[in-house]
Amino acid sequence: MTDTARGSSRRYGTRPTMKDVAARAGVGLKTVSRVVNGEPGVTPDTERRVQEAITALGFRRNDSARILRKGRTASIGLVLEDLADPFYGPLSRAVEEVARHHGALLINGSSAEDPAREQELVLALCARRVDGLVVIPAGDDHRYLAPEIAAGVATVFVDRPAGRIEADTVLSDSFGGSRDAVAHLLAHGHRRIGFIGDQPRIHTAKERLRGYRTAMAAAGLPVDDAWVSLGTTEPERVHTAARAMLDAPEPVTALFAGNNRVTVTLVRVLRQCTAPVALVGFDDFELADLVSPAVTVVAQDAARMGRTAAGLLFRRLEGADEPPRREEIPTRLIARGSGEIRPAHD
(Lines give C-alpha, C1' and ligand atoms only; values in the text may rest on other atoms or scores of the structure.)
Protein backbone atom coordinates (compact mmCIF):
# COMPACT_ATOMS: atom_id res chain seq x y z
CA MET A 1 0.00 0.00 0.00
CA THR A 2 1.35 3.45 -0.88
CA ASP A 3 1.68 6.28 1.62
CA THR A 4 -0.98 8.18 -0.31
CA ALA A 5 -3.48 5.33 -0.09
CA ARG A 6 -2.58 4.63 3.58
CA GLY A 7 -3.11 8.24 4.55
CA SER A 8 -6.28 8.84 2.62
CA SER A 9 -9.50 9.22 4.61
CA ARG A 10 -11.69 9.53 1.50
CA ARG A 11 -14.93 7.51 1.59
CA TYR A 12 -16.31 7.06 -1.90
CA GLY A 13 -20.05 7.71 -2.15
CA THR A 14 -20.00 10.43 0.54
CA ARG A 15 -19.88 14.09 -0.34
CA PRO A 16 -19.32 17.25 1.68
CA THR A 17 -22.52 18.88 2.90
CA MET A 18 -23.50 22.45 3.74
CA LYS A 19 -22.92 21.50 7.38
CA ASP A 20 -19.29 20.72 6.52
CA VAL A 21 -18.93 24.05 4.71
CA ALA A 22 -20.52 25.93 7.64
CA ALA A 23 -18.18 24.25 10.14
CA ARG A 24 -15.07 25.00 8.09
CA ALA A 25 -16.06 28.63 7.45
CA GLY A 26 -17.25 29.19 11.02
CA VAL A 27 -20.71 30.37 9.99
CA GLY A 28 -24.29 29.16 10.28
CA LEU A 29 -26.14 26.94 7.81
CA LYS A 30 -28.41 29.77 6.69
CA THR A 31 -25.36 31.87 5.75
CA VAL A 32 -23.98 29.03 3.60
CA SER A 33 -27.40 28.62 1.98
CA ARG A 34 -27.50 32.34 1.12
CA VAL A 35 -24.06 32.20 -0.48
CA VAL A 36 -24.78 29.00 -2.41
CA ASN A 37 -28.07 30.34 -3.75
CA GLY A 38 -26.78 33.85 -4.49
CA GLU A 39 -29.07 35.53 -1.95
CA PRO A 40 -28.34 38.92 -0.33
CA GLY A 41 -27.56 39.57 3.34
CA VAL A 42 -23.98 38.27 3.55
CA THR A 43 -20.97 40.52 4.07
CA PRO A 44 -18.13 40.30 1.51
CA ASP A 45 -15.70 38.91 4.08
CA THR A 46 -18.12 36.18 5.18
CA GLU A 47 -18.93 35.29 1.57
CA ARG A 48 -15.21 34.99 0.86
CA ARG A 49 -14.73 32.57 3.79
CA VAL A 50 -17.68 30.46 2.66
CA GLN A 51 -16.43 30.34 -0.94
CA GLU A 52 -12.96 29.31 0.26
CA ALA A 53 -14.52 26.51 2.32
CA ILE A 54 -16.59 25.39 -0.70
CA THR A 55 -13.46 25.25 -2.87
CA ALA A 56 -11.37 23.46 -0.25
CA LEU A 57 -14.01 20.79 0.39
CA GLY A 58 -15.12 20.38 -3.24
CA PHE A 59 -18.71 21.06 -2.22
CA ARG A 60 -21.41 20.98 -4.92
CA ARG A 61 -24.94 22.16 -4.38
CA ASN A 62 -27.47 19.29 -4.34
CA ASP A 63 -30.14 20.41 -6.76
CA SER A 64 -32.41 17.39 -6.22
CA ALA A 65 -34.39 18.66 -3.24
CA ARG A 66 -34.57 22.20 -4.60
CA ILE A 67 -35.95 21.22 -8.00
CA LEU A 68 -38.31 18.63 -6.53
CA ARG A 69 -39.85 21.38 -4.37
CA LYS A 70 -40.68 23.11 -7.64
CA GLY A 71 -42.30 19.92 -8.97
CA ARG A 72 -39.81 19.52 -11.82
CA THR A 73 -36.48 17.72 -12.01
CA ALA A 74 -35.18 19.44 -15.14
CA SER A 75 -34.34 16.03 -16.60
CA ILE A 76 -35.75 13.91 -19.41
CA GLY A 77 -35.24 10.27 -20.30
CA LEU A 78 -34.36 8.85 -23.71
CA VAL A 79 -34.93 5.13 -24.28
CA LEU A 80 -33.15 3.83 -27.38
CA GLU A 81 -33.19 0.45 -29.07
CA ASP A 82 -29.41 0.04 -29.22
CA LEU A 83 -26.82 2.60 -28.14
CA ALA A 84 -24.34 1.10 -30.61
CA ASP A 85 -26.58 1.63 -33.65
CA PRO A 86 -25.22 4.61 -35.64
CA PHE A 87 -28.77 5.72 -36.49
CA TYR A 88 -29.33 6.75 -32.88
CA GLY A 89 -26.19 8.90 -32.56
CA PRO A 90 -27.51 12.01 -34.34
CA LEU A 91 -30.99 11.44 -32.92
CA SER A 92 -29.66 11.35 -29.36
CA ARG A 93 -27.45 14.41 -29.92
CA ALA A 94 -30.40 16.37 -31.29
CA VAL A 95 -32.58 15.50 -28.29
CA GLU A 96 -29.74 16.46 -25.95
CA GLU A 97 -29.23 19.84 -27.65
CA VAL A 98 -32.91 20.72 -27.33
CA ALA A 99 -32.89 19.57 -23.70
CA ARG A 100 -29.81 21.67 -23.00
CA HIS A 101 -31.49 24.70 -24.56
CA HIS A 102 -34.31 24.24 -22.06
CA GLY A 103 -31.90 23.78 -19.14
CA ALA A 104 -32.64 20.06 -18.81
CA LEU A 105 -30.36 17.06 -18.39
CA LEU A 106 -30.73 14.03 -20.69
CA ILE A 107 -30.54 10.51 -19.23
CA ASN A 108 -30.50 7.69 -21.76
CA GLY A 109 -30.50 3.93 -21.82
CA SER A 110 -31.00 1.00 -24.18
CA SER A 111 -33.83 -1.51 -24.33
CA ALA A 112 -31.77 -3.89 -26.50
CA GLU A 113 -34.95 -4.49 -28.49
CA ASP A 114 -36.47 -6.26 -25.46
CA PRO A 115 -40.02 -5.13 -24.51
CA ALA A 116 -39.58 -6.22 -20.88
CA ARG A 117 -36.33 -4.31 -20.58
CA GLU A 118 -37.95 -1.27 -22.20
CA GLN A 119 -40.71 -1.27 -19.59
CA GLU A 120 -38.22 -1.76 -16.74
CA LEU A 121 -36.08 1.13 -17.98
CA VAL A 122 -39.00 3.49 -18.63
CA LEU A 123 -40.51 2.91 -15.19
CA ALA A 124 -37.09 3.28 -13.54
CA LEU A 125 -36.75 6.70 -15.19
CA CYS A 126 -40.25 7.62 -14.04
CA ALA A 127 -39.34 6.55 -10.49
CA ARG A 128 -36.44 8.99 -10.70
CA ARG A 129 -38.96 11.70 -11.49
CA VAL A 130 -37.91 12.66 -15.00
CA ASP A 131 -40.17 15.36 -16.42
CA GLY A 132 -40.59 13.63 -19.77
CA LEU A 133 -39.65 10.70 -21.95
CA VAL A 134 -38.58 10.18 -25.55
CA VAL A 135 -39.03 6.49 -26.35
CA ILE A 136 -38.02 4.34 -29.31
CA PRO A 137 -40.33 1.45 -28.45
CA ALA A 138 -39.35 -2.19 -28.45
CA GLY A 139 -42.77 -3.47 -27.42
CA ASP A 140 -46.25 -3.04 -28.85
CA ASP A 141 -48.26 -2.53 -25.65
CA HIS A 142 -47.60 0.69 -23.74
CA ARG A 143 -50.60 0.74 -21.44
CA TYR A 144 -48.14 0.46 -18.55
CA LEU A 145 -47.24 4.11 -19.29
CA ALA A 146 -50.81 5.41 -19.13
CA PRO A 147 -50.72 6.17 -15.35
CA GLU A 148 -47.37 7.98 -15.73
CA ILE A 149 -48.67 10.11 -18.61
CA ALA A 150 -51.84 10.86 -16.62
CA ALA A 151 -49.62 11.91 -13.71
CA GLY A 152 -47.90 14.48 -15.95
CA VAL A 153 -44.91 12.67 -17.51
CA ALA A 154 -44.78 14.09 -21.04
CA THR A 155 -44.02 11.27 -23.50
CA VAL A 156 -43.10 11.22 -27.19
CA PHE A 157 -42.51 8.06 -29.24
CA VAL A 158 -39.96 8.11 -32.06
CA ASP A 159 -39.33 5.84 -35.06
CA ARG A 160 -42.24 3.58 -34.10
CA PRO A 161 -45.69 4.43 -32.73
CA ALA A 162 -46.89 3.61 -29.24
CA GLY A 163 -48.94 0.45 -28.80
CA ARG A 164 -52.48 0.60 -27.38
CA ILE A 165 -52.22 4.16 -26.10
CA GLU A 166 -52.46 7.57 -27.78
CA ALA A 167 -49.30 9.66 -27.62
CA ASP A 168 -47.23 12.13 -29.63
CA THR A 169 -45.25 10.29 -32.30
CA VAL A 170 -42.44 11.19 -34.70
CA LEU A 171 -41.85 8.76 -37.56
CA SER A 172 -39.69 8.50 -40.64
CA ASP A 173 -41.53 7.82 -43.89
CA SER A 174 -40.58 4.14 -44.00
CA PHE A 175 -43.32 3.23 -46.47
CA GLY A 176 -42.58 6.04 -48.93
CA GLY A 177 -38.82 5.61 -48.70
CA SER A 178 -39.05 1.88 -49.39
CA ARG A 179 -41.45 2.36 -52.28
CA ASP A 180 -39.02 4.86 -53.82
CA ALA A 181 -36.07 2.52 -53.32
CA VAL A 182 -37.76 -0.36 -55.12
CA ALA A 183 -39.06 1.95 -57.85
CA HIS A 184 -35.45 3.06 -58.35
CA LEU A 185 -34.33 -0.55 -58.86
CA LEU A 186 -37.24 -1.18 -61.22
CA ALA A 187 -36.27 1.88 -63.25
CA HIS A 188 -32.82 0.32 -63.72
CA GLY A 189 -34.27 -2.81 -65.27
CA HIS A 190 -34.67 -5.16 -62.31
CA ARG A 191 -37.70 -7.45 -62.03
CA ARG A 192 -36.57 -9.98 -59.45
CA ILE A 193 -35.86 -7.93 -56.35
CA GLY A 194 -35.28 -9.46 -52.92
CA PHE A 195 -36.16 -7.80 -49.62
CA ILE A 196 -34.34 -8.65 -46.38
CA GLY A 197 -35.71 -6.85 -43.36
CA ASP A 198 -35.96 -6.78 -39.58
CA GLN A 199 -38.34 -8.76 -37.38
CA PRO A 200 -41.96 -8.62 -38.64
CA ARG A 201 -43.36 -7.41 -35.30
CA ILE A 202 -41.43 -4.15 -35.67
CA HIS A 203 -43.45 -1.28 -37.15
CA THR A 204 -40.68 0.00 -39.41
CA ALA A 205 -40.04 -3.50 -40.82
CA LYS A 206 -43.72 -3.89 -41.66
CA GLU A 207 -43.90 -0.46 -43.29
CA ARG A 208 -40.79 -1.08 -45.39
CA LEU A 209 -42.14 -4.42 -46.53
CA ARG A 210 -45.41 -2.70 -47.44
CA GLY A 211 -43.48 -0.11 -49.49
CA TYR A 212 -41.61 -2.90 -51.28
CA ARG A 213 -44.79 -4.79 -52.14
CA THR A 214 -46.59 -1.62 -53.23
CA ALA A 215 -43.82 -0.70 -55.68
CA MET A 216 -43.73 -4.21 -57.12
CA ALA A 217 -47.53 -4.27 -57.50
CA ALA A 218 -47.51 -0.84 -59.17
CA ALA A 219 -45.10 -2.29 -61.75
CA GLY A 220 -47.40 -5.26 -62.29
CA LEU A 221 -44.85 -7.70 -60.90
CA PRO A 222 -45.62 -10.67 -58.65
CA VAL A 223 -43.51 -11.21 -55.53
CA ASP A 224 -42.20 -14.71 -54.99
CA ASP A 225 -42.32 -15.69 -51.30
CA ALA A 226 -38.66 -16.70 -51.60
CA TRP A 227 -37.74 -13.08 -52.33
CA VAL A 228 -38.83 -11.87 -48.88
CA SER A 229 -37.01 -12.62 -45.62
CA LEU A 230 -37.80 -10.98 -42.28
CA GLY A 231 -36.03 -11.78 -39.04
CA THR A 232 -33.19 -10.70 -36.80
CA THR A 233 -30.42 -8.55 -38.22
CA GLU A 234 -27.72 -10.96 -37.06
CA PRO A 235 -25.13 -11.33 -39.88
CA GLU A 236 -25.46 -15.11 -40.05
CA ARG A 237 -29.23 -14.93 -40.57
CA VAL A 238 -28.93 -12.19 -43.20
CA HIS A 239 -26.11 -14.01 -45.00
CA THR A 240 -28.18 -17.22 -45.19
CA ALA A 241 -31.23 -15.37 -46.51
CA ALA A 242 -29.21 -13.54 -49.15
CA ARG A 243 -27.45 -16.68 -50.37
CA ALA A 244 -30.80 -18.47 -50.72
CA MET A 245 -32.06 -15.67 -52.97
CA LEU A 246 -28.86 -15.39 -54.99
CA ASP A 247 -28.36 -19.15 -55.45
CA ALA A 248 -31.94 -19.93 -56.52
CA PRO A 249 -32.63 -21.31 -60.03
CA GLU A 250 -33.98 -17.87 -60.91
CA PRO A 251 -31.88 -15.63 -58.65
CA VAL A 252 -32.78 -12.11 -57.69
CA THR A 253 -30.81 -9.45 -59.55
CA ALA A 254 -31.19 -6.80 -56.87
CA LEU A 255 -31.51 -6.64 -53.09
CA PHE A 256 -33.27 -4.10 -50.93
CA ALA A 257 -32.02 -4.03 -47.31
CA GLY A 258 -34.48 -3.05 -44.59
CA ASN A 259 -31.95 -1.25 -42.37
CA ASN A 260 -28.28 -0.32 -42.15
CA ARG A 261 -27.23 -3.44 -40.24
CA VAL A 262 -28.69 -5.63 -42.98
CA THR A 263 -27.02 -3.47 -45.63
CA VAL A 264 -23.56 -3.86 -44.10
CA THR A 265 -23.89 -7.65 -44.14
CA LEU A 266 -25.14 -7.60 -47.72
CA VAL A 267 -22.14 -5.53 -48.83
CA ARG A 268 -19.93 -8.38 -47.56
CA VAL A 269 -22.09 -11.04 -49.23
CA LEU A 270 -22.08 -9.28 -52.60
CA ARG A 271 -18.29 -8.99 -52.63
CA GLN A 272 -18.27 -12.75 -53.15
CA CYS A 273 -20.63 -12.65 -56.14
CA THR A 274 -19.33 -12.90 -59.69
CA ALA A 275 -22.55 -11.66 -61.34
CA PRO A 276 -23.50 -8.01 -60.80
CA VAL A 277 -26.21 -7.56 -58.15
CA ALA A 278 -27.73 -4.18 -57.34
CA LEU A 279 -28.20 -3.05 -53.73
CA VAL A 280 -30.20 -0.30 -52.06
CA GLY A 281 -30.21 0.01 -48.28
CA PHE A 282 -32.70 1.74 -46.03
CA ASP A 283 -30.80 4.19 -43.81
CA ASP A 284 -27.34 5.56 -44.45
CA PHE A 285 -24.24 4.33 -42.65
CA GLU A 286 -20.65 5.40 -42.14
CA LEU A 287 -18.32 4.72 -45.11
CA ALA A 288 -21.26 3.88 -47.40
CA ASP A 289 -19.78 6.29 -49.93
CA LEU A 290 -16.27 4.78 -49.72
CA VAL A 291 -16.88 1.11 -50.46
CA SER A 292 -16.85 -0.04 -54.09
CA PRO A 293 -19.37 0.35 -55.48
CA ALA A 294 -20.59 3.07 -53.13
CA VAL A 295 -23.92 2.14 -51.58
CA THR A 296 -27.17 3.71 -52.72
CA VAL A 297 -29.35 4.37 -49.68
CA VAL A 298 -32.64 5.76 -48.49
CA ALA A 299 -31.40 8.30 -45.94
CA GLN A 300 -33.37 9.17 -42.85
CA ASP A 301 -32.97 12.50 -41.10
CA ALA A 302 -32.35 11.15 -37.60
CA ALA A 303 -31.29 14.55 -36.25
CA ARG A 304 -34.52 16.15 -37.46
CA MET A 305 -36.50 13.32 -35.88
CA GLY A 306 -34.74 13.94 -32.57
CA ARG A 307 -35.26 17.71 -32.72
CA THR A 308 -38.92 17.29 -33.62
CA ALA A 309 -39.53 14.79 -30.83
CA ALA A 310 -37.77 16.92 -28.22
CA GLY A 311 -39.64 20.00 -29.45
CA LEU A 312 -42.97 18.21 -29.00
CA LEU A 313 -41.88 17.04 -25.55
CA PHE A 314 -41.00 20.51 -24.28
CA ARG A 315 -44.12 21.92 -25.88
CA ARG A 316 -46.09 19.55 -23.66
CA LEU A 317 -44.00 20.46 -20.63
CA GLU A 318 -44.74 24.13 -21.29
CA GLY A 319 -48.46 23.43 -21.10
CA ALA A 320 -49.66 22.59 -24.62
CA ASP A 321 -53.04 20.89 -24.24
CA GLU A 322 -53.98 19.37 -27.57
CA PRO A 323 -54.68 15.95 -29.09
CA PRO A 324 -51.64 13.71 -29.68
CA ARG A 325 -49.69 14.73 -32.76
CA ARG A 326 -48.11 12.50 -35.40
CA GLU A 327 -45.20 13.95 -37.37
CA GLU A 328 -43.73 12.13 -40.35
CA ILE A 329 -40.24 13.07 -41.53
CA PRO A 330 -39.51 12.52 -45.24
CA THR A 331 -36.62 10.39 -46.46
CA ARG A 332 -34.40 10.94 -49.49
CA LEU A 333 -32.78 8.52 -51.90
CA ILE A 334 -29.04 9.00 -52.39
CA ALA A 335 -27.81 7.32 -55.58
CA ARG A 336 -24.15 6.35 -55.24
CA GLY A 337 -23.63 3.41 -57.57
CA SER A 338 -24.77 0.12 -56.07
CA GLY A 339 -28.42 0.83 -56.81
CA GLU A 340 -27.73 1.80 -60.40
CA ILE A 341 -26.19 -1.52 -61.46
CA ARG A 342 -28.33 -3.00 -64.21
CA PRO A 343 -29.11 -6.74 -64.39
CA ALA A 344 -26.77 -8.81 -66.54
CA HIS A 345 -29.81 -10.45 -68.10
CA ASP A 346 -33.40 -11.04 -67.15
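Residues numbered from 1 in each chain as written. Predicted model: local features only at pLDDT ≥ 70, side-chain atom pairs only at ≥ 80, totals over all residues. Heavy atoms only, no water.

As recorded by an unreviewed UniProt entry, the protein chain carries the name LacI family transcriptional regulator and is attributed to Streptomyces benahoarensis.

Enquirer: For the sheet that holds strand β10 (residues 296-299), give the residues involved together with the corresponding values.
Expert: Taken in spatial order, the six strands of this open sheet run β7-β6-β8-β9-β10-β12, and their pairing is mixed. Of all strands in the sheet, those bounded by a partner on one side alone are β7 (228-230) and β12 (332-334). Neighbour to neighbour, the strand axes of the sheet diverge by 15° on average, direction disregarded. Where strand β9 (residues 278-282) meets β10, three bridges bridge the pair, whose relative direction is parallel. Each residue of the ladder has a partner; that of Gly281, found in β10, is Val297. Across the sheet, helix α9 (residues 174-187) lies against β6 (193-197), β8 (254-257), β9, β10 and β12, angled at about 170° from β9, the strand it touches most. Contacting β6, β8 and β9, helix α12 (residues 260-270) runs over the sheet at an angle of about 160° to β9. (Pairing = 2+ DSSP bridges. Helix = DSSP H or I, 4+ residues; strand = E, 2+ residues; numbered from the N terminus. Axes fitted to C-alpha atoms, helices over the stretch in contact; angles between N-to-C directions. Contact = heavy atoms within 4.5 Å.)

Enquirer: Summarise the pattern of salt bridges; cite the residues concerned and give the values.
Expert: In this structure the tally under the stated criterion is 19 salt bridges. For Arg160, the salt bridge identified is with Asp159, shortest N-O distance 3.7 Å. Each of the two residues, Arg160 as well as Asp159, counts as buried. (Salt bridge = Lys/Arg side-chain N within 4 Å of Asp/Glu carboxyl O. Buried < 20%, exposed > 50% of the residue type's maximum accessible area, 1.4 Å probe, protein only.)

Enquirer: Talk me through the sheet that holds strand β1 (residues 75-80); I want residue IDs and the actual numbers.
Expert: One open sheet accounts for six strands, arranged β2-β1-β3-β4-β5-β11; its pairing is parallel. Both outer strands of the open sheet, β2 (105-110) and β11 (326-329), are each paired with one neighbouring strand and no more. Adjacent strand axes in the sheet meet at a mean angle of 15°, parallel and antiparallel pairs treated alike. Alignment of strand β3 (residues 132-135) against strand β4 (residues 154-158), held across four bridges, turns out to be parallel. Following the sheet pairing, Val134 is matched in β4 by Val156. Across the sheet, helix α6 (residues 88-101) touches β1, β2, β3 and β4, and the angle it forms with β1 is around 170°.

Enquirer: An account of the packing of helix α2 (residues 18-25) against helix α4 (residues 44-57) is requested, with residue identities and associated values reported.
Expert: Contact geometry for α2 and α4: axes closest at 9 Å, N-to-C directions at 125°. Of the possible angle classes, the one that applies to α2 and α4 is oblique. Pair α2 / α4 crosses with right-handed handedness. In contact with Asp20, Val21, Arg24 and Ala25 of α2, α4 contributes Arg49, Val50, Ala53, Ile54, Ala56 and Leu57. (Parallel < 35°, antiparallel > 145°, perpendicular 65-115°, else oblique. Left-handed = near helix turned anticlockwise from the far one by under 90°.)

Enquirer: Just give me the short version of the packing of aromatic side chains, but keep the residues and values in it.
Expert: A full pass over the atoms with the stated rule returns three aromatic pairs. Lying over the aromatic face of Phe175, Arg210 brings its terminal NZ or CZ to 3.9 Å of the ring centre. (Phe/Tyr/Trp six-rings, centres within 6.5 Å; stacked < 30°, edge-to-face > 60°. Lys NZ or Arg CZ within 6 Å of the ring centre and 35° of its normal.)

Enquirer: Give me the lowdown on the side chain of Arg208, citing residues and values where you can.
Expert: The topology assignment puts Arg208 in helix α10 (residues 203-218). Among buried charged residues, Arg208 stands out as having no salt bridge; its nearest opposite-charge side chain is Asp159, 4.6 Å away. Residues in contact with Arg208, not counting those within four places in the same chain, are Ser174, Ser178, Phe195, Phe256, Gly258, Asn259, Phe282 and Gln300. (Lys, Arg positive; Asp, Glu negative; His and termini not counted.)

Enquirer: A description of the nonpolar core should follow, citing residues and the corresponding values.
Expert: By size, the foremost hydrophobic cluster in this structure holds 41 residues, and its most contacted members are Ile196, Tyr212, Leu255 and Leu266. With sequence-adjacent residues up to four places away left out, Leu266 is seen in contact with Ile196, Val238, Ala242, Leu255, Ala257 and Leu279. Among the nonpolar cores identified, the runner-up in size contains 26 residues, and Leu80, Ala104, Val134 and Ala310 belong to it. (Core = buried A, V, L, I, M, F, W, Y, C linked by side-chain atoms within 4.5 Å.)

Enquirer: Would you mind going over the environment of Asp140 in detail, with residue names and values included?
Expert: Here Asp140 lies in the loop between β3 and α8 (146-150). The exposure class of Asp140 is exposed, given its relative accessible area of 57%. Sequence separation between Asp140 and Gly258 is 118 residues, and the spatial gap between their C-alpha atoms is 20 Å. Sequence-distant contacts of Asp140, defined by excluding residues within four places in its chain, comprise Gly163 and Arg164.

Enquirer: So what's going on with the pairing of strand β5 (residues 168-172)? Which residues, and what values?
Expert: Each regular strand displays side chains that alternate between the two surfaces of the sheet. Burial analysis of β5 places five of its five residues in the buried class, the great majority of the element. Judged by which residues are buried, β5 turns out to be covered on both faces: Asp168, Val170 and Ser172 on one side and Thr169 and Leu171 on the other are all buried. Note: β4 against β5, three bridges, orientation parallel. The residue bridging Val158 from the neighbouring strand is Val170, located in β5. Across four bridges, the pairing between β5 and β11 is parallel. The partner of Leu171 across the bridge, within β11, is Glu328.

Enquirer: Can you lay out α9 for me, pointing to particular residues and giving the numbers?
Expert: The terminal C-alpha atoms of α9, which comprises 14 residues, lie 20 Å apart, in line with the 20 Å expected from a rise of 1.5 Å per residue. The buried fraction of α9 amounts to ten of the 14 residues, a majority that puts the element mostly inside the structure. By the burial criterion, the buried members of α9 are Ser174, Phe175, Gly176, Gly177, Ser178, Ala181, Val182, His184, Leu185 and Leu186. Positioned one or two residues after α9, Gly189 has a phi angle of 95°, which is positive. (Expected span 1.5 Å × (residues − 1).)

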